[in-house]
Amino acid sequence: LVPQVLPRVEELSELYRELSQHPQLNAACLGPDLTTQYGGKYCSLYTEWLQRDLARAENIKFCRQYLIFHDGASIVYSGPVGTCSEIKGELLSRESPSGTLKAVLRKVPGKEKEKEKEKQFLEVWDQNRKVKSIDLTALDKHGSVYDDDQFGCLAWSHLETHLLYVAEKKCPKTESFFQSKAPELGTSDEDTGHPKKEDAPLKGEQFVYREDWGETLSTRSVPVLCVLDIEGSSISVLEGIPEHLSPGQAFWSPEDTGVVFVGWWHEPFRLGLRYCTNRRSALFYVDLTGGKCELLSEDTKAVWSPRLSPDSCRIVYLENDVLGPHQKCNRLRMYDWYTKQTSTVLEAVPRQEWGTFPGIYCGALPGMCWAADSRRILLDTAQRSQQDMFVVDTATGATTLLTADGPRGSWSVLTINRDLLVARFSTPSCPPMLKVAVLPAAGHEAQAQWICLQDAPTVPGISWGIRTLQPPPEQENPQYGGLDFDAILLRPTEGPTAQKPPLVVMPHGGPHSVFTAGWMLYPAVLCRVGFAVLLVNYRGSLGFGQDSVASLPGNVGTQDVHDVQLCVERVLQEEALDASRVALVGGSHGGFLACHLIGQFPDTYRACVVRNPVVNIASMVATTDIPDWCLTETGLPYTPDALPDPAQWTEMLHKSPIRYVDRVRVPVLLMLGEDDRRVPPKQGLEYYRALKARGVTTRLLWYPGNGHALAGVEAEADGFMNMALWLLKHLE
């Protein structure tokens with residue numbers, strides 16, 4: 001770096017450090033109601049937060065507790081108790097139904113001198129002490145316990161005598177064909193006292209390929225359901241689950257007679273599962289006594305997020321059609337445990353209209369989503385470019401917007417228990433804050449009174465707004481006409497560029513995802529640096545109805561590209577922005593669009609930064625964990641045994657940005673995750689080499705140990721600094 005740039009580097013790093021310290025509110029749990037000596041009710045609220053620690057280059061987790069005094073209809077008083085403290089080694093935790101016990105899955109480093117591997121312990125705590133600590137690694141009943149939110153669970157039985165969790169199936173020991181060693185003395189069998197024969201290692205099985213579930217789930221292959229008997233400290237792996245299913249998201253059935261779980265089909269082979277709510281799966285019940293496995297839902301759909309009502313009578317869950325777009329407008333279904341009947345509570349919504357329910361686009365239902373009446377549930381979902389909370393009456397399908405009188409932004413349900421509701425709220429200029437309310441009686445939900453338990457100061461120097469755009473007639477989709485789309489514009493209100501700032505355009509990835517008006521670190525820091533930031537929710541985004549989602553497959557590279565370009569041109573016409581200094585930043589499908597735009601509209605943009613971009617769908621299809629995405633978004637049918645013909649290869653290439661590489665003139669910065677399974681880094685390398693061969697200024701950053709999201713704290717921070725400096729350098 002030249003000397004005059006060094007002060008800017010220090011200024012940038014300090015600004016990033018400051019804004020990255022705002023913590024993310026991650027989880028909340030309400031304790032049981034207690035009664036004061038004066039007859040008033042109160043309960044504790046336990047919250048978990050995540051914060052970037054740049055010095056340690058890791059995300060740290062910490063907890064903070066609050067007290068809530070209420071009379072059942074309103075909150076009388078609430079406030080924090082003590083200070084926050086860091087949580088170390090905790091992978092999963094869950095309070096028991098009564099609130100008197102807590103289960104914790106903990107990782108413990110092995111002893112260095114003995115070269116031990118990391119261990120996993122399952123602990124049980126009461127209100128004063130640890131009452132159980134089970135060394136799961138030493139018991140060797142299974143592999144590592146799953147702590148992800150795709151398969152993982154930690155569920156108490158209703159009687160609080162057993163714990164249910166998901167782990168990797170124990171792999172048999174293997175050895176070389178040529179392994180030789182002295183015979184070992186066997187250990188004694190616990191039941192007979194006779195020497196126990198260890199399972200003989202399998203020869204020639206060392207290098208057998210084990211399929212996994214793709215991006216962020218590369219250590220997940222064959223999940224099994226496991227039960228801990230707390231009193232006996234014994235673990236059993238449940239039997240009776242069909243071999244063609246991978247179980248997860250499990251919980252205890254009413255009366256603890258068995259286990260309800262989601263089973264994903266993994267034949268003929270596993271596809272990437274993360275962010276893919278279109279994988280064939282169903283709801284099952286396995287009986288603990290007979291081991292019989294029973295199908296509870298249709299077996300030709302994709303289901304997830306089953307939630308049991310407080311009265312143990314009903315299970316709600318989300319449902320999609322198999323294959324097609326990875327994310328879409330979901331159905332809400334309900335299974336009655338005693339009548340064995342399944343009903344549809346909410347169908348997918350074709351078109352979003354203000355004043356009506358927008359549809360369900362959430363990745364999961366809240367872990368605790370039922371009201372105390374076992375009739376209403378709460379959920380949050382995208383409503384165009386906002387995220388709002390709704391109450392759903394499962395008996396009638398009626399929906400009520402719970403945040404109608406609240407501020408605009410992004411609302412999320414964290415938990416609800418005994419009708420005490422805990423939520424997270426943020427905006428593009430305000431980091432996450434903690435809010436609580438009492439859920440009003442049915443029919444009066446919109447009257448909820450929100451109390452802010454943990455405020456977050458508004459970040460100065462940022463203004464934002466949402467604008468709606470209508471494509472011109474020549475860009476209308478002939479099958480889905482009349483669709484519009486949104487964009488969120490952040491503007492700096494302070495500094496030398498505030499009057500006419502340069503513009504950074506950010507289309508989202510997916511393509512079926514959405515920017516909602518919540519806190520986002522990169523846009524906020526860029527805005528504080530002096531850039532206006534345009535977040536484009538082109539047609540195909542979630543939150544605008546299923547028709548919008550369905551309009552994009554077969555039209556990627558044209559409809560989405562034209563939407564972004566239309567938005568950029570319109571904003572430059574209507575806002576005081578510097579049209580001579582416009583740049584693109586995008587990741588994944590957002591990178592796909594950025595590479596398209598600098599090739600199709602080279603005169604509009606001066607610089608480009610892309611993170612793990614899709615640049616050639618034809619070369620990606622054979623290397624990604626989601627080959628179905630490549631065909632679906634190109635507009636082609638997908639089947640597991642399909643081999644694209646020459647015309648289909650041509651179509652995939654035709655829709656890819658590599659097609660326009662000869663027209664690219666702007667400097668391009670690429671950031672690639674070495675471990676990306678979704679858009680393998682060879683995609684970015686292919687573009688890098690094509691640009692270098694054509695004399696285009698380009699730079700490539702390679703991040704080991706990072707996947708598709710480049711979510712490691714060090715990669716995220718380094719990525720921002722390099723991005724900001726690249727933009728400042730090439731937009732001068």
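For clarity, every value in this text was computed on a predicted model and none was experimentally measured.

Describe in detail the pairing of strand 16 (residues 245-252), supporting the description with residues and values.
Most of strand 16 sits inside the fold, with eight of its eight residues counted as buried. The pairing of strand 16 with strand 17 (residues 258-265) spans six bridges and is antiparallel. Looking at strand 17, one finds that Trp 252 is bridged to Val 259. Where strand 16 hands over to strand 17, the hairpin turn is made up of five residues, of which Glu 255 adopts a positive phi near 65°.

Just give me the short version of the environment of Tyr 46, but keep the residues and values in it.
The residue Tyr 46 is located in strand 3 (residues 41-53) in this model. Considering only alpha carbons, one finds Tyr 46 and Cys 63, 17 residues apart in sequence, at a separation of 7.0 Å. Excluding residues that lie within four positions of it along the chain, Tyr 46 makes contacts with Ala 27, Ala 28, Cys 29, Cys 63, Arg 64, Gln 65, Ile 87, Glu 90 and Lys 102. Among the polar contacts made by the side chain of Tyr 46, one reaches the side chain of Glu 48 at a distance of 3.1 Å.

Explain the pattern of salt bridges to me, using residue names and the numbers behind them.
Within the structure shown, the criterion is met by 42 salt bridges. Arg 375 serves as the salt-bridge partner of Asp 393, at 2.8 Å between the closest nitrogen and oxygen. Taken together, the residues Asp 393 in strand 25 (residues 386-393) and Arg 375 in the loop between strand 23 (342-346) and strand 24 (376-383) connect sequence positions 18 residues apart. On the accessibility criterion, Arg 375 (38% relative accessible area) is partly exposed. Here the salt bridges share partners, and the residues they tie into one network are Glu 298, Lys 301, Glu 319, Asp 321, Arg 331 and Arg 333.

Break down the domain arrangement of the protein chain for me, with residues and values.
Partitioning the protein chain into domains gives domain 1 (118-171 + 212-348) and domain 2 (462-616 + 656-731). Between domain 1 and domain 2, the residue contacts involve 13 residues of the former and 12 residues of the latter. It is Glu 215, Pro 325 and Gln 327 in domain 1 that bury the most area against domain 2; as a group they hold 56% of the surface buried on that side. Counting every contact that joins domain 1 to domain 2 gives one salt bridge. For Asp 212, the salt bridge identified is with Arg 677, shortest N-O distance 2.9 Å. Linking domain 1 with domain 2 are six residue pairs in polar contact (both at pLDDT 80 or more), by the criterion used here. Here the residues of the side of domain 1 that touches domain 2 sort into five nonpolar, four polar and four charged.

About the criteria used
Residues numbered from 1 in each chain as written. Predicted model: local features only at pLDDT ≥ 70, side-chain atom pairs only at ≥ 80, totals over all residues. Heavy atoms only, no water. Buried < 20%, exposed > 50% of the residue type's maximum accessible area, 1.4 Å probe, protein only. Helix = DSSP H or I, 4+ residues; strand = E, 2+ residues; numbered from the N terminus. Pairing = 2+ DSSP bridges. Contact = heavy atoms within 4.5 Å. Polar contact = N/O pair within 3.5 Å; in protein donor to acceptor, adjacent residues only side chain to side chain. Salt bridge = Lys/Arg side-chain N within 4 Å of Asp/Glu carboxyl O. Domains from an automatic or database assignment. Buried area = accessible area lost by both parts, 1.4 Å probe. Nonpolar A, V, L, I, M, F, W, Y, C, P; charged D, E, K, R; others polar.

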